[in-house]
Amino acid sequence: MYKIAPSIISANFAKLGEEIINVLASGGDIIHLEVMNKHFVPTYRNGSKACAAIRPITQAPIEIHLTSGYNVDNSLNDLVPEYAKAGANIITFHPEAVDRDAYNLPSFENIERIVDLIHENGCKAGLAFNAGTPFSYLDHVISKIDVVLIMSKQTGLISGQKFIPEAINKVRTARKKINDSGRNIILEVHGDVNLGNIAQIALAGADTFVVGSAVYEAGNETDPNRYDSIIAALRAELAKVGS
């Protein structure tokens, strides 16, 4: 079954609680929260307070997407327990965020260690891939990972980026790896997912879709829950592909 994960970065933060209640009542499945922490993104936002504020108002899963990285003020060792305590259900990180090996590359062993740390804190573990991130990192932990997140725009660059067409091939490759593993791993896509491309992304093998501005900028005041029409339209596109 396809899942839609509205990203609250595009929501109206002055009415965040109301926005979350409405988007879930309209048919959203997962609340997606991006955390910016001076690696892919030059600024820092403490999203654990937002996560803790969201947790009491919904039982829906909360996914934390850590865009933090190596050699920043707050390491994954600190952030994982912080967000788990704040109420996260899924914590997704980038391989680039872990400590480096002797060749100054992300250490395979440290990727596995962070996956284990996420599980030890009671959450599902996700690994995120930018366009240029090799799947060799996934191969090392595919027996443990719960979520694969394919970025279809470059993490941390300016807003308004368009969908990267090559992401479709990356989704196809990830789907084959997941199928070959025999494990029930979520395959998620994030970055300019919209009515025009969601069916194509699903056809490539994705089952979960992070949608930001395509949902929140299409709110309809005549809808009972404001976002009923746009989420119904997204699901109609997915229905063309089948389950």
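Placed above this text is the structure.
Here's a quick rundown of the structure. Since the model is a prediction, treat every value here as computed from it, not as a measurement.

1. Section: the packing of aromatic side chains
Then, in step 1: Inspection of every chain in the model, using the stated rule, returns four aromatic pairs.
Then, in step 2: Seen from their ring centres, Tyr 216 and Tyr 227 are 5.3 Å apart, and the 75° between their planes marks the pair as edge-to-face. Of this pair, Tyr 216 sits in helix H8 (residues 213–216) while Tyr 227 sits in the loop between H8 and helix H9 (228–239), placing them eleven residues apart in sequence.
Then, in step 3: A relative accessible area of 0% means that Tyr 227 is categorised as buried.
Then, in step 4: The aromatic ring of Phe 135 is capped on one face by Lys 170, whose charged end is 5.1 Å from the ring centroid.

2. Section: the environment of Ala 125
Then, in step 1: Note on placement: Ala 125 falls in strand S5 (residues 124–129).
Then, in step 2: With near-sequence residues (within four places) excluded, Ala 125 lies in contact with Ile 91, Val 115, Ile 118, His 119, Ile 145, Asp 146 and Val 147.

3. Considering the state of the cysteines
Then, in step 1: Going through the model one piece at a time under the given rule, you end up with zero disulfides.
Then, in step 2: Unpaired in terms of disulfides, Cys 51 finds its nearest cysteine sulfur in Cys 123, a separation of 8.5 Å.
Then, in step 3: For Cys 51, a relative accessible area of 0% translates into the label buried.
Then, in step 4: The class for Cys 123 is buried, based on a relative accessible area of 5%.

4. Here's the deal with the nonpolar core
Then, in step 1: Among the nonpolar cores identified, the biggest contains 70 residues, and Ile 64, Ile 91, Val 148 and Phe 209 are the most heavily contacted of them.
Then, in step 2: With six residues, the top contributor of residues to this core is helix H3 (residues 76–86).
Then, in step 3: Setting aside anything within four residues of it in sequence, one finds Phe 209 in contact with Tyr 2, Lys 3, Ile 4, Ala 5, Val 189, Val 193, Ile 198, Ile 201, Ala 202 and Leu 238.

5. Observations regarding the packing of H3 against helix H4 (residues 108–120)
Then, in step 1: Packing of H3 against H4 leaves a shortest axis separation of 9 Å and a crossing angle of 20°. The pairing of H3 with H4 is recorded here as roughly parallel in orientation. Pair H3 / H4 crosses with right-handed handedness. Taken together, the residues of H4 that come into contact with H3 (itself represented by Leu 76, Asn 77, Val 80 and Pro 81) are Arg 113, Ile 114, Leu 117 and Ile 118.
Then, in step 2: Among the residues making up the contact of H3 with H4, the classes are represented as six nonpolar, one polar and one charged.

6. Section: the sheet that holds strand S1 (residues 3–6)
Then, in step 1: Spatial ordering of the open sheet is given by S1-S8-S7-S6-S5-S4-S3-S2, a layout of eight strands whose pairing is parallel. At either margin of the open sheet sits one strand with a lone partner, and together these are S1 and strand S2 (31–35). Along the sheet, successive strands turn relative to each other by an average axial angle of 25°, direction set aside.
Then, in step 2: Both strand S6 (residues 147–151) and strand S7 (residues 186–190) contribute to a ladder of five bridges, which runs parallel. Looking across to S7, one finds that Ile 150 is bridged to Val 189.
Then, in step 3: Lying on the sheet, H4 is in contact with strand S4 (90–93) and S5; it crosses S5 at an angle near 145°.

7. Comments concerning H3
Then, in step 1: Inspection of H3 places Leu 76, Leu 79, Val 80, Tyr 83, Ala 84 and Ala 86 among the buried residues, and these make up the whole buried set. Buried residues along H3 cover an arc of 160° about the axis, so they all sit on one side.
Then, in step 2: Structurally, H3 contributes buried residues whose contacts are with S2, helix H2 (48–54), strand S3 (62–66), S4 and H4.
Then, in step 3: In the stretch just after H3, Gly 87 is the one whose phi turns positive, near 115°.

8. A short note on the environment of Ile 62
Then, in step 1: Along the chain, the position of Ile 62 falls in strand S3.
Then, in step 2: In sequence terms Ile 62 and Asn 89 are 27 residues apart; their C-alpha atoms lie 5.3 Å from each other.
Then, in step 3: Not counting residues within four places of it along the chain, the set of residues in contact with Ile 62 comprises Ile 31, Cys 51, Ile 54, Arg 55, Gly 87, Ala 88, Asn 89 and Ile 90.

Cut-offs used in this document
- Residues numbered from 1 in each chain as written.
- Predicted model: local features only at pLDDT ≥ 70, side-chain atom pairs only at ≥ 80, totals over all residues.
- Heavy atoms only, no water.
- Phe/Tyr/Trp six-rings, centres within 6.5 Å; stacked < 30°, edge-to-face > 60°.
- Helix = DSSP H or I, 4+ residues; strand = E, 2+ residues; numbered from the N terminus.
- Buried < 20%, exposed > 50% of the residue type's maximum accessible area, 1.4 Å probe, protein only.
- Lys NZ or Arg CZ within 6 Å of the ring centre and 35° of its normal.
- Contact = heavy atoms within 4.5 Å.
- Disulfide = S-S within 2.5 Å.
- Core = buried A, V, L, I, M, F, W, Y, C linked by side-chain atoms within 4.5 Å.
- Axes fitted to C-alpha atoms, helices over the stretch in contact; angles between N-to-C directions.
- Parallel < 35°, antiparallel > 145°, perpendicular 65-115°, else oblique.
- Left-handed = near helix turned anticlockwise from the far one by under 90°.
- Nonpolar A, V, L, I, M, F, W, Y, C, P; charged D, E, K, R; others polar.
- Pairing = 2+ DSSP bridges.
- Arc of directions from axis to C-beta.

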